[in-house]
Amino acid sequence: MYKEIEHLLLEVQKPARYTGGEFGAVMKDKGSVDTRIVFCFPDTYEIGMSHLGLRILYGLWNELDGVWCERAFAPWPDMEERLRQRRIPLFALESGDSLRDFDIIAFTLQYELSFTNILNMLDLAGIPVRAADRAESDPLVIAGGPCAFNPEPLCDFIDLFILGEGEEVNVELTELYRDMKRAGASKREFLSRAARIGGVYVPSLYSVSYNPDGTVAAVTPEGGAPETVTKRILQDIDGAYFPETPIVPSTEIVHDRVMLEVFRGCIRGCRFCQAGHVYRPVRAKSAKTLIGQGTRALKNSGYQEISLSSLSTSDYRPLNELCDGLLEYCVPNSANVSLPSLRADNFSLELLSKVQRVRKSGLTFAPEAGTQRLRDVINKNVTEKDVLSACSLAFGAGYGGVKLYFMMGLPTETDEDILGIAELAHRVFYTWRQTTNDKSRGVRVTASTSCFVPKPMTPFQWEPQDTMAEFRRKQQLLKDAMRKSITYNWHDPETSFLEAVIARGDRRLGAVIEAAWRSGCRLDGWSEFFSLQHWLQAFSLCGLDPAFYANRTRGEIEVFPWDHLSAGVTREHMLREREAAFRGEISPDCRQQCSSCGASGLLTGGVCDA
């Protein structure tokens, strides 16, 4: 295969996306393995190789004797055009073999706007996109990741989904596949057995019925499949596999550094946040484990930066101990420690002094809303005083810039809340003027707003999204109110609208996704390729109204397309939190008081590490 594409590499942008051969990539003898897996990230190389989950599962699969896991990514349009012209199938980076030569094709579902890329990658490999059209000889197509908590829009295309964390269930599923392959079992027989593994959802074993108003009436299991599929979690995250010899890309990627996961889950209860609910309960690694893993990964890769990753890194209890341990290696080796996820309410000068010992990285805070009333509605538990105090510490320590992230369109939001964003950003700028002794260098205060997307398995899963016209009105209101000293960035409402439609969609959206892909939609997460018009035409062709999924309030007893799937957090808890939101009441974090959300029941001992 490599000889066939060599001459293509001179004709495309960033040819290193397609060459493989990176330091740390796993090469095996095809004759020594009985099962071949290709991990497909449905976006470009530089996006996919920035994802820690890919690196973990890639390494974990390759730890298994007799199994070889390779990688494949969505090609840029220039490469896709040449592959199609010359009828060269999409290939894996390690061997150069076509995806159709593998036993298992595994996709990760990180965001809804990558779904057309899944169909495109299958088609480029010569594999039928619909599961029902694939033969026994075609690869098994599986998927997991955060979007698997509502996989219904993809059920026409994927043989099975994995809910939750994959380290254990992926190995169990692979071993079952190998056993049944040796026994000569059919794909149908394998899927029936796979459905008995905890965390595995086989959509072909469930039928969906609908009410006259278009809502879901019921999702009914068949053939012995469980009524509810509950996600899998790691009980012992401290002993979990970590890639200490990571692949070092041969071209620049988005997050070109060592990524060190300090804990999973989140003690906070932000009511809009899907990750904070589906990744519960909290489980933390020890500082000793992290220092060893991080130091070895830096040594083995040659990277000059390590990023501490979690949903809220500053909530990690032994954070100072961890930073001290990493800095023992980083300072003499001129490596940087970065903390991309910080909260203003527990930011400290001590922490700031640690992370800037080598060089200053950017500081980002997420107040999320412009007024305290709305921050209480979403249960952010951060005050304006917290934000200004944190910025004062940063400016006093010599930082010349801060980024502030907000969300627009949150439930109960008013124009006063929107104008509050401009006011808070200006107060941050004024704090710099009061704090810094050197005004000649100036300051960069950036305020960014994203559009609220109601996500499954959150307290706001019942809420409507603002219309695109309303988002544009609010954005203009904020632009007019923002002072010249502040840089204002905003997210376009069109892609957020489609994200909301797919995030809360049902199986009927499969036809829409396929129609959109056939009309040319792919790389929808890239602004230069996104076409809302093509998507709206696909909805019209399939007789569905996208506003039905994005812009209406759901009834409290409505059956959701994902109700037969569980992340461990109960519906009762989410309803309680929804009611508290409309009363403007905050709920304490998990360290102050257990909210009885149900997630700790997934742990053997029933107690999380909060």
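In this convention, every chain numbers its residues from 1, walking through the sequence in written order. Where totals are concerned, whole chains, interfaces and linings use all residues; where local detail is concerned, this predicted model gives features only for residues with pLDDT of at least 70, and gives and counts side-chain atom pairs only at 80 or more. With hydrogens and water set aside, each side-chain value is computed from the structure's full complement of heavy atoms.

Teacher, can you tell me more about the overall build of the chain here?
Helix and strand definitions follow DSSP, with helices as H or I runs of at least four residues and strands as E runs of at least two, each counted in order from the N terminus. The secondary structure content of the chain amounts to 20 helices and 19 strands. Taken against the 2.2 N^0.38 rule, which gives 25 Å for 610 residues, the C-alpha radius of gyration of the chain at 24 Å falls within 12% of a compact globule. With respect to the principal axes defined by its C-alpha atoms, the chain has extents near 70 × 65 × 55 Å. Here the chain holds 610 residues, and 59% of them are scored as buried. Any two residues whose heavy atoms approach within 4.5 Å at even a single point are treated as in contact. For the chain, the proportion of contacts with a sequence separation of at least 24, taken over those separated by at least 6, is 77%. With an accessible surface of roughly 23,700 Å², the chain has 49% of that area assigned to carbon and sulfur atoms. Charge assignment in this entry is limited to Lys and Arg as positive and Asp and Glu as negative, and neither His nor the chain termini are counted. Charge placement uses NZ in Lys and CZ in Arg. For Asp and Glu, CG and CD serve respectively. For the chain, the centre of its 69 positive side-chain charges and the centre of its 80 negative side-chain charges are spaced 4 Å apart. Only C-alpha atoms enter the radius of gyration; for comparison, a globular chain is expected to reach 2.2 Å times N to the power 0.38, where N is the number of residues. Here the term buried applies to any residue with accessible area under 20% of the maximum for its type, exposed to any over 50%, and partly exposed to those in between, with areas from a 1.4 Å probe on protein chains only. Throughout, the Shrake-Rupley method with a 1.4 Å probe supplies accessible areas, and for residues the shown protein chains are the sole cover considered.

Help me out: how do you make sense of unusual backbone geometry in this one?
Backbone phi values are negative for most residues with the exception of glycine, while trans is the configuration of most peptide bonds. Cis geometry is adopted by the peptide bond preceding P281, which originates at R280 and carries an omega value of 0 degrees. The residue P281 is located in the loop between α8 (275-278) and β12 (283-284) in this model. The residue M457 is not glycine, and still its phi comes out positive at about 60 degrees. With respect to the helices, strands and loops of the structure, M457 is situated in the loop between β17 (444-451) and α15 (468-481). Phi at S596 is positive, roughly 55 degrees, even though this residue is not glycine. With respect to the helices and strands, the residue S596 is situated in the segment after α20 (571-582).

I tried to follow the pairing of strand β16 (residues 401-408) on my own but got confused; where do I start?
Looking down a regular strand, the side chains alternate between one sheet face and the other. Among the eight residues that make up β16, six are buried, leaving the element largely enclosed by the rest of the structure. Sheet topology places strand β15 (residues 364-368) next to β16; three bridges connect them, and they run parallel. Opposite T364, over in β16, you have K403 as the bridge partner. Strand pairing requires that DSSP identify at least two bridges connecting the strands. With eight bridges joining them, β16 and β17 adopt parallel strand pairing. What sits directly across from G401, in β17, is R444.

Quick question: what am I supposed to make of the packing of helix α9 (residues 287-301) against helix α10 (residues 319-330) here?
To characterise two packed helices, one gives the angle between the axes of the helices and the distance between these axes. Packing of α9 against α10 brings their axes to within 9 Å, and their N-to-C directions diverge by 25 degrees. Accordingly, the angle class assigned to the pair α9 and α10 is roughly parallel. Note on packing geometry: the crossing formed by α9 with α10 is right-handed. Mapping the contact onto sequence places A287, L290, I291, G294, T295, L298 and K299 in α9 and E321, L322, G325, L326, Y329 and C330 in α10. Helix axes use the C-alpha atoms of the stretch in contact, all axes being lines fitted to C-alpha atoms, and the angles between their N-to-C directions lie in the range 0 to 180 degrees. We call two directions roughly parallel when the angle between them is under 35 degrees, roughly antiparallel when it is over 145, roughly perpendicular when it lies between 65 and 115, and oblique otherwise. Handedness of each helix crossing follows the sense of rotation of the near helix against the far helix: counterclockwise by less than a right angle gives left-handed, clockwise gives right-handed.

Quick question: what am I supposed to make of the environment of L319 here?
Structurally, the position occupied by L319 is in helix α10. A relative accessible area of 6% places L319 in the buried class. In the structure, L319 is positioned 155 residues away from K474 in sequence and 39 Å away in space, judged by C-alpha atoms. Setting aside anything within four residues of it in sequence, one finds L319 in contact with L308, T313, S314, L339 and L351.

What's the story with the packing of helix α17 (residues 509-518) against helix α18 (residues 532-542) in this structure? I'm lost.
At a minimum axis separation of 8 Å, α17 and α18 run at an interaxial angle of 130 degrees. Between α17 and α18, the angle is such that the two are oblique. Here the hand of the crossing between α17 and α18 comes out right-handed. Touching L509, A511, V512, I513, A515 and A516 of α17 are W535, A538, F539, L541 and C542, all from α18. Residue type decides the class: Asp, Glu, Lys and Arg count as charged, Ala, Val, Leu, Ile, Met, Phe, Trp, Tyr, Cys and Pro as nonpolar, and the leftover types, Gly among them, as polar. Here the residues of the contact of α17 with α18 are counted per class, giving eleven nonpolar, no polar and no charged.

Explain the sheet that holds strand β13 (residues 305-309) to me, please; I cannot follow it from the model alone.
The pairing of strands in a sheet happens through backbone hydrogen bonds and is either parallel or antiparallel. As summarised here, the arrangement of the three strands in space is β10-β13-β14, forming an open sheet in which the pairing is parallel. The sheet is open, and its two borders are formed by β10 (258-261) and β14 (336-338), each paired with just one other strand. Direction aside, neighbouring strands of the sheet carry axes that sit 25 degrees apart on average. Two elements, β13 and β14, share three bridges in a ladder whose sense is parallel. Bridge assignment links E305 to a residue of β14, and that residue is N336. Running over the sheet, α10 touches β10, β13 and β14 and is turned about 165 degrees from β13.

Before we go on, may I ask you to explain the pairing of strand β2 (residues 67-73) in this structure?
Counting buried positions along β2 yields seven of seven residues, so the element is predominantly enclosed. Where burial is concerned, the two faces of β2 agree: the one with V67, C69, R71 and F73 and the one with W68, E70 and A72 are both buried. As paired elements, strand β1 (residues 35-41) and β2 share seven bridges and run parallel to each other. What sits directly across from F39, in β2, is R71.

Before we go on, may I ask you to explain the state of the cysteines in this structure?
Throughout this description, disulfide means a covalent bond between two cysteine sulfur atoms. Two cysteine sulfur atoms make up a disulfide if the distance between them is within 2.5 Å. Taken as a whole, this structure holds zero disulfides when the rule is applied. Here C330 is not disulfide-linked; the sulfur of C323 is the nearest cysteine sulfur, at 9.4 Å. Residue class for C330 comes out buried when judged on its relative accessible area of 0%. Here C597 stays free of any disulfide, with the sulfur of C590 as its closest cysteine sulfur at 6.3 Å. With a relative accessible area of 9%, C597 lands in the buried category.

When you look at the pattern of salt bridges in this model, what are you seeing that I'm missing?
Side-chain pairs of opposite charge can arise whenever the charged atoms involved come near each other. In what follows, salt bridge is the name for a side-chain nitrogen of Lys or Arg lying within 4 Å of a carboxyl oxygen of Asp or Glu. Counted under the stated rule, the structure contains 53 salt bridges. For the salt bridge of R71 with E22, the shortest nitrogen-to-oxygen distance reads 2.8 Å. Here R71 is found in strand β2, whereas its partner E22 is found in the loop between α1 (2-6) and β1, with 49 residues between them in sequence. Accessibility assignment for this pair places R71 and E22 in one class, buried. A salt bridge links R473 to D415; the shortest N-O distance between them is 2.8 Å. Taken together, the positions of R473 in helix α15 and D415 in helix α14 (residues 415-435) put the pair 58 residues apart, joining distant regions of the chain.

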